[in-house]
Amino acid sequence: MTDARGAAPEAEEAERAVLGAALITRSDVFGWLNLDASHFAVLANRKTWEIGCELFERHGKADLVMVYDTLDPQTKEAMGGVQYLEGIVANRGTADNVELYAELLRQRKLTMELLLLGGEIVQDYAQAIVGDELLDALLARIGRIGRAAGDEDGGLLVKAGRAEKRRILEGADDAAV
């Protein structure tokens, strides 16, 4: 399976380190790292994390054998079979460093979200979306970025954005007088 978003090599290594630590320790790593499948750019890694989380939710644990047994034959082949999972375990990070690796994944996800936001702003500008409609679109996107950064509802960034929107609109009203 190929990389979905052009992950940097160090990001792929961090993904594999997190997965390896989670799969080999048979602990609750899937439960406490506060990551979801979207933190993984490599499709095989994303699928592995997703299955590990599902198994953890159902059984309170997930390990290499449980994940492998859950995969259907086509997915196993597409991921690289048992060699893929063996490679993850062989290159795993230590449990002591798994939070550091997870933080690298969080930072990369936030960076990707910010890059996407920039592209969307350029598209809006090219489509001549302006004024209140543009501000509302930006606030929605800012909330998404806030959620990606761990602010569950994106509230802090959205509140700041709404205050700025009011300030801008009030300034426009003052200028119209």
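Everything below is about the structure printed above this text.
What counts as what
- Residues numbered from 1 in each chain as written.
- Predicted model: local features only at pLDDT ≥ 70, side-chain atom pairs only at ≥ 80, totals over all residues.
- Heavy atoms only, no water.
- Helix = DSSP H or I, 4+ residues; strand = E, 2+ residues; numbered from the N terminus.
- Buried < 20%, exposed > 50% of the residue type's maximum accessible area, 1.4 Å probe, protein only.
- Contact = heavy atoms within 4.5 Å.
- Areas by Shrake-Rupley, 256 points an atom, 1.4 Å probe, with all protein chains shown as cover.
- Expected span 1.5 Å × (residues − 1).
- Core = buried A, V, L, I, M, F, W, Y, C linked by side-chain atoms within 4.5 Å.
- Phe/Tyr/Trp six-rings, centres within 6.5 Å; stacked < 30°, edge-to-face > 60°.
- Lys NZ or Arg CZ within 6 Å of the ring centre and 35° of its normal.
- Polar contact = N/O pair within 3.5 Å; in protein donor to acceptor, adjacent residues only side chain to side chain.
- Axes fitted to C-alpha atoms, helices over the stretch in contact; angles between N-to-C directions.
- Parallel < 35°, antiparallel > 145°, perpendicular 65-115°, else oblique.
- Nonpolar A, V, L, I, M, F, W, Y, C, P; charged D, E, K, R; others polar.
- Salt bridge = Lys/Arg side-chain N within 4 Å of Asp/Glu carboxyl O.

As for the overall build of the protein chain
Now for step 1: Within the protein chain, the secondary structure is distributed over 9 helices and 0 strands.
Now for step 2: Put simply, the protein chain runs from its N terminus to its C terminus through helices and strands in the order α-α-α-α-α-α-α-α-α.
Now for step 3: With 177 residues in all, the protein chain has 38% of them scored as buried.
Now for step 4: Contacts in the protein chain between residues far apart in sequence, at least 24 positions, make up 68% of those at least 6 positions apart.
Now for step 5: A total accessible area of about 10200 Å² is found for the protein chain, and carbon and sulfur atoms account for 56% of it.

Considerations on helix 3 (residues 43-59)
Now for step 1: Here helix 3 is 17 residues long and its end C-alpha atoms lie 24 Å apart, about the 24 Å a rise of 1.5 Å per residue gives.
Now for step 2: Looking at the residues trailing helix 3, positive phi occurs at Gly-60, about 75°.

Structural notes on the nonpolar core
Now for step 1: With 27 residues, the main nonpolar core has Val-18, Phe-30, Leu-33, Leu-35, Phe-40, Trp-49 and Tyr-84 as its most contacted residues.
Now for step 2: Those elements giving two or more residues to this core turn out to be helix 1 (9-25), helix 2 (29-32), helix 3, helix 4 (64-70), helix 6 (81-90) and helix 7 (98-126).
Now for step 3: For this core, the leading source of residues is helix 1, giving 6 residues.
Now for step 4: If we skip the residues at most four places from it in the chain, Leu-35 touches Val-18, Phe-40, Trp-49, Ala-102, Leu-105 and Arg-106.

Here we look at the environment of Glu-103
Now for step 1: Mapped onto the fold, Glu-103 is located in helix 7.
Now for step 2: Taking the relative accessible area as the measure of exposure, Glu-103 reaches 32% and is therefore partly exposed.
Now for step 3: Taking the C-alpha atoms as reference points, Glu-103 and Leu-35, separated by 68 residues in sequence, lie 9.3 Å from one another.

With respect to the packing of aromatic side chains
Now for step 1: Tallied over the full model, the rule gives 1 aromatic pair.
Now for step 2: Stacked on the ring of Tyr-68, the Lys or Arg Lys-76 has its end atom at 4.2 Å from the ring centre.

Section: the side chain of Lys-76
Now for step 1: With respect to the helices and strands, the residue Lys-76 is situated in helix 5 (residues 73-79).
Now for step 2: Engagement of the side chain of Lys-76 in a polar contact is seen with the backbone oxygen of Tyr-68, the distance being 3.4 Å.
Now for step 3: Those residues in contact with Lys-76 that lie beyond four places of it in its chain are Tyr-68, Leu-71 and Gly-81.

Considerations on the packing of helix 3 against helix 6
Now for step 1: At a minimum axis separation of 12 Å, helix 3 and helix 6 run at an interaxial angle of 80°. With respect to helix 6, the element helix 3 is oriented roughly perpendicular. Across the interface between the two elements, Ala-44, Asn-45 and Thr-48 from helix 3 touch Tyr-84, Leu-85 and Ile-88 from helix 6.
Now for step 2: A breakdown of the residues in the contact of helix 3 with helix 6 according to their chemical character gives 4 nonpolar, 2 polar and no charged.

Observations regarding the pattern of salt bridges
Oppositely charged side chains may form a pair once their charged atoms are brought near each other.
Now for step 1: Under the definition given, this model contains 5 salt bridges.
Now for step 2: Residues Glu-15 and Arg-108 are paired through a salt bridge, measuring 2.8 Å at the closest nitrogen-oxygen approach. Taken as a pair, Glu-15 in helix 1 and Arg-108 in helix 7 lie far apart in primary sequence, 93 residues in all. Here Glu-15 and Arg-108 have matching classes, each one buried.
Now for step 3: Here Arg-106 and Glu-99 are joined by a salt bridge, their closest N and O atoms 3.0 Å apart.

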